[in-house]
Amino acid sequence: MAESRRRVEEAYRVARERYAEPDVDTEAALERLGGVPLSLHCWQGDDARGFENRGETLAGSGLAVTGSHPGRARNASELRQDLDKALSLIPGRHRVNLHAMYGEFPGSVDRDAIGPEHFAGWEEWAKQRGLGLDFNATLFAHPKAQAGFTLSSADDSIRGFWVEHVRRCREIAAHMGRVLGTPAIHNLWIPDGAKDAVIDRWERRSLLRKSLDEIFAGTYAVTEMKDSVESKLWGVGSEAFVVGSHEFYMGYALSRGIMLCLDTGHFHPTESVADKVSAILHFSGELLLHVSRGVRWDSDHVVVLDDPLKELMSEVVRAGALDRVHFALDYFDASLNRVAAWVIGARATLKALLAALLEPAPRLRELDAAGDSAGKLAMLENQKTMPLGAVWDYYCQRQSVPLESEWPSEVRRYEAEVLNGRGA
Ligand code: RNT
Ligand code: ZN
């Protein structure tokens, strides 16, 4: 053990010197990395089923979870136990992102009747661990969402039901923020859209705008909660039209002073989400990112250290916007160990951020300003084979979490000892 610790330190010492050549301070990068929280999405732990036990599925929501790996969390204590395990394998201090359907309800409580009391267990758990919480209204997997329209429904009783739900969710988020002393972000995504030819786009968006104005009429201190709205390009069953499109929410968010949420799976596959950061932050104070990985479509695959993720993180760092951007993970894959899914995605996101922090930005800017395209590309290429792994291993060691080569065996043990004992 001591020998392996020494090897990690030695590799780090060599790496630190190499990064120092173009004036990159690895210690400063690690210091900054340690201050960035990720919001870990609870829904990876149970395939986005929630605890309402109403027998509803994701069908009709445009969302789909595939796979049947054993060990899904079936209740709040199992989900918290799994989150504890995952968090113990991720360096840094993070947050947990809940959906309204994860409340602990006594019997059946409908979505327009939920309150902070149903999340007391989560608040208590988060408080004990010094974790922040974030929150999401759940406008899917519910009989009143089956017609395909929620906040843009032309049926006033349906629309009113969902307006009340989201109002309560914001109240719950504010409560979490107060209790935990860190503002909870309440993110709103709705499934509203249509499968085929649409005539009433204008009316639908009028209804959504009206609902949002009713919802956001109540205001909370930014120390308690912050609002964000999340767009989408299309969903399964809403191929022709999505009411809450990117343009709609960008206009809405900027005109109302709330945050946009960019989900990296919600744009055309050739569109760069990284490029949007410096555009939006010129007009918006803050930005929420849903870090996901779409494979051919918005498939919500487990996040890995790929080029789009690295570019996204580089753009945040290059824009000097690390303190204005919030990072949340968003994917759900039921085909593999769910604790590992969290750990892989969170660690990949942090590694991408570390790579961005280790960029020799002033040198690259000089080359860019001098019009030295070849020099710039050469330096970017050089970055790709720099010893990022040695810095990352050292960071993990310093934060007392297992190395990249070590954590999988801990998850395997947890699977054998805990997850395999669970029923379907
Ligand atoms: C759906 C959005 C949304 C959901 C979660 C469960 O396309 O990405 O963020 O994934 O709220
Ligand atoms: Zn999302």
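Our structure is the block above this text.
Now for a look at the structure at hand. Along each chain, the written sequence defines residue order, and numbers are assigned to residues from 1. Going through the entries in the order they are written, you letter the chains from A and number the ligands from 1. Two thresholds apply to this predicted model, a pLDDT of at least 70 for residue-level local features and 80 or more for giving and counting side-chain atom pairs, whereas whole-chain, interface and lining totals are computed over all residues. Hydrogens are left out, water is left out, and the side-chain values use all remaining heavy atoms of the structure.

**Focus on the nonpolar core**
Grouped burial of nonpolar side chains is what soluble globular proteins tend to show.
Point 1. Judged by nonpolar contacts, the single largest core of 130 residues is most densely connected at Trp 122 and Leu 151.
Point 2. Strands are runs of DSSP state E lasting at least 2 residues, helices are runs of H or I lasting at least 4, and numbering of each runs from the N terminus. Element by element, the count of residues in this core is highest for helix α10 (residues 338–357), at 13 residues.
Point 3. Residue contacts are counted whenever heavy atoms from the two residues lie within 4.5 Å of one another. In this structure Trp 122 touches Phe 51, Leu 79, Arg 80, Leu 83, Leu 98, Tyr 102, Glu 104 and Leu 133, once residues within four positions along its chain are discounted.
Point 4. Residues belong to one nonpolar core when they are buried, are Ala, Val, Leu, Ile, Met, Phe, Trp, Tyr or Cys, and are joined through side-chain atoms within 4.5 Å. Note on exposure labels: buried denotes an accessible area under 20% of the residue type's maximum, exposed denotes more than 50%, and partly exposed covers the range between, all computed with a 1.4 Å probe on protein chains only. Counting residues in hydrophobic clusters, the runner-up holds five residues, among them Ile 185, Cys 261, Leu 288 and Ala 328.

**A few points about the coordination of the zinc ion (ligand 2)**
By definition of the ideal shapes, four donors in a tetrahedron about a metal sit 109.5 degrees apart, and six donors in an octahedron sit 90 or 180 degrees apart.
Point 1. Note: metal donors comprise N, O and S atoms at 2.8 Å or less from the metal (3.2 Å for Na, K and Ca); water molecules are not included, so apparent gaps in a site are possible. For the zinc ion (ligand 2), the full set of protein donor atoms is Glu 230 (OE), Asp 263 (OD), His 290 (ND1) and Asp 330 (OD), at a range of 2.1 Å.
Point 2. Coordination at the zinc ion (ligand 2) comes from six donor atoms whose angles at the metal span 71 to 166°, giving a geometry best classed as irregular.
Point 3. Counting along the primary sequence, the residues that act as donors to the zinc ion (ligand 2) give the motif E-x32-D-x26-H-x39-D. Note that Glu 230 is positioned in strand β6 (residues 225–230) and Asp 330 in the loop between β12 (325–329) and α10, a separation of 100 residues in sequence. The same class applies to Glu 230 as to Asp 330, namely buried. When four donors show all angles between 85 and 135 degrees the site is tetrahedral, when four or six donors have opposite pairs over 155 degrees and all other angles between 65 and 115 it is square planar or octahedral respectively, and in every other case it is irregular.

**Thoughts on the site of ligand 1**
Point 1. Only heavy atoms are used to decide nearness, and a residue is near a molecule or strand if one of them lies within 4 Å of it. Inspection of the region around ligand 1 gives Trp 43, Leu 63, His 99, Trp 189, Glu 230, Lys 232, Asp 263, His 266, His 290, Asp 298, Asp 330 and Phe 332 as its neighbouring residues.
Point 2. Here a polar contact is recorded for every N or O atom pair within 3.5 Å, except that within protein the pair must consist of a potential hydrogen donor and a potential acceptor, and residues adjacent in sequence are included only if both atoms are side-chain atoms. In this structure, an oxygen atom belonging to ligand 1 sits 3.0 Å away from a side-chain N or O atom of His 266.
Point 3. With respect to ligand 1, the side chain of Asp 330 contributes an N or O atom lying 2.8 Å from an oxygen atom.
Point 4. All accessible-area figures derive from a Shrake-Rupley calculation using a 1.4 Å probe, and residue coverage is judged against the displayed protein chains alone. Here ligand 1 loses 99% of its free accessible area of 310 Å² to cover by the protein chains.

**Concerning the side chain of Arg 111**
Point 1. With respect to the element layout, Arg 111 can be found in the loop between β2 (95–99) and α4 (120–129).
Point 2. Owing to a relative accessible area of 1%, Arg 111 belongs among the buried residues under this scheme.
Point 3. Reaching out from Arg 111, the side chain makes a polar contact with the side chain of Glu 52 at a distance of 2.7 Å.
Point 4. There is a polar contact of 2.9 Å between the side chain of Arg 111 and the backbone oxygen of Phe 140.
Point 5. Dropping the residues within four chain positions of it, Arg 111 is found in contact with Glu 52, Arg 54, Met 101, Thr 138, Leu 139, Phe 140, Ala 141, His 142, Phe 161, Trp 162, His 165 and Arg 168.

**What about α4?**
Point 1. When α4 is considered as a whole, its buried residues turn out to be Trp 122, Glu 123, Trp 125 and Ala 126. What you see down the axis of α4 is that its buried residues fit within an arc of 165°, all on one side. More than 90 degrees from the buried face of α4, the exposed residues found are Lys 127 and Gln 128.
Point 2. Packed against the buried residues of α4 are α3 (76–87), β2, β3 (132–136) and α5 (156–180).
Point 3. Where α4 terminates, the next one or two residues include Gly 130, which has phi positive at roughly 70°. What the arc measures is the spread of directions leading from the helix axis to the C-beta atoms.

**Thoughts on unusual backbone geometry**
Point 1. Positioned with a positive phi, Ala 141 is a non-glycine residue whose angle comes to about 50°.
Point 2. Tracing the chain through its elements places Ala 141 in the loop between β3 and α5.
Point 3. A positive phi angle, near 55°, is found at Asp 300, a position not held by glycine.
Point 4. Among the secondary structure elements, Asp 300 is positioned in strand β11 (residues 297–301).
Point 5. A relative accessible area of 4% places Asp 300 in the buried class.

**Regarding the sheet that holds β3**
Point 1. Strand order in the closed barrel made by the eight strands is β1-β2-β3-β4-β6-β8-β9-β12, with parallel pairing throughout. Shown here is a sheet whose adjacent strand axes are inclined to one another by a mean of 30°, direction ignored.
Point 2. In this scheme, strands are said to pair when DSSP sees at least two bridges between them. As defined by bridge partners, strand β1 (residues 38–41) adjoins β12 across two bridges and the pair is classed as parallel. Residue pairing in the sheet places Ser 39 in a bridge with Ala 328 of β12. The convention used is that axes are lines fitted to C-alpha atoms, helices contributing only their stretch in contact, and that angles between N-to-C directions extend from 0 to 180 degrees.

**A look at the pairing of strand β8 (residues 259–263)**
Point 1. In terms of burial, β8 is largely enclosed, as five of its five residues are buried.
Point 2. Side chains Met 259, Cys 261 and Asp 263 of β8 all project onto a buried face; the interleaved residues Leu 260 and Leu 262 project onto the opposite face, where all are buried too.
Point 3. Here β6 pairs with β8 via three bridges, running parallel. Opposite Ser 228, over in β8, you have Met 259 as the bridge partner.
Point 4. Strand direction decides the pairing type here: β8 and strand β9 (residues 287–291), joined by four bridges, are parallel. Across the sheet, the residue bridging to Leu 260 is Leu 287, located in β9.
Point 5. When the strands point away from the viewer and the connection leading from the first strand across the helix to the second strand turns clockwise, the crossover is called right-handed. At this point the chain moves from β8, through helix α8 (residues 274–280), to the parallel β9, and the crossover so formed is right-handed.

**Considering the environment of Leu 419**
Point 1. Structurally, Leu 419 is set in the segment after α14 (407–417).
Point 2. Using a relative accessible area of 3% as the deciding quantity, one classes Leu 419 as buried.
Point 3. Separated by 81 residues in the primary sequence, Leu 419 and Arg 338 have C-alpha atoms spaced 9.7 Å apart.
Point 4. Setting aside residues no more than four positions away along its own chain, Leu 419 makes contact with Gly 71, Asp 82, Asn 337, Val 339 and Tyr 414.

**Looking at the pairing of β12**
Point 1. For β12, the tally of buried residues reaches four of five residues, placing the bulk of the element in the interior.
Point 2. Bridge analysis of β9 against β12 gives five bridges, and the strand direction is parallel. From the neighbouring strand, His 290 faces β12, where its bridge partner is Ala 328.

**A word on empty space enclosed by the protein**
Point 1. Here a cavity denotes grid points, spaced 1 Å and computed from the protein atoms alone, that fit a 1.4 Å probe unable to get out, and a pocket denotes an open set having protein on both sides within 12 Å along at least 5 of 7 lines; residues with an atom within 4 Å of a point are the lining. Grid points are joined across faces, edges and corners, and a volume is the space filled by probe spheres set on the points. This model, assessed by the stated rule, comprises four cavities of 30 Å³ or more.
Point 2. Looking at the largest cavity, it is lined by 20 residues, and the ones nearest its centre are Leu 63, His 99, Trp 189, Asp 330 and Phe 332.
Point 3. Empty space within the second largest cavity amounts to approximately 40 Å³.
Point 4. Residue lining of the second largest cavity: Ser 39, Asn 97, Asp 134, Phe 135, Asn 136, Ile 185, Asn 187, Leu 288, His 290 and Ala 328, and that is the complete set.
Point 5. If you list the elements that add at least two residues to the lining of the second largest cavity, you get β3, β4 (184–188) and β9.
Point 6. Ranked by residue count, the leading element in the lining of the second largest cavity is β3, at three residues.

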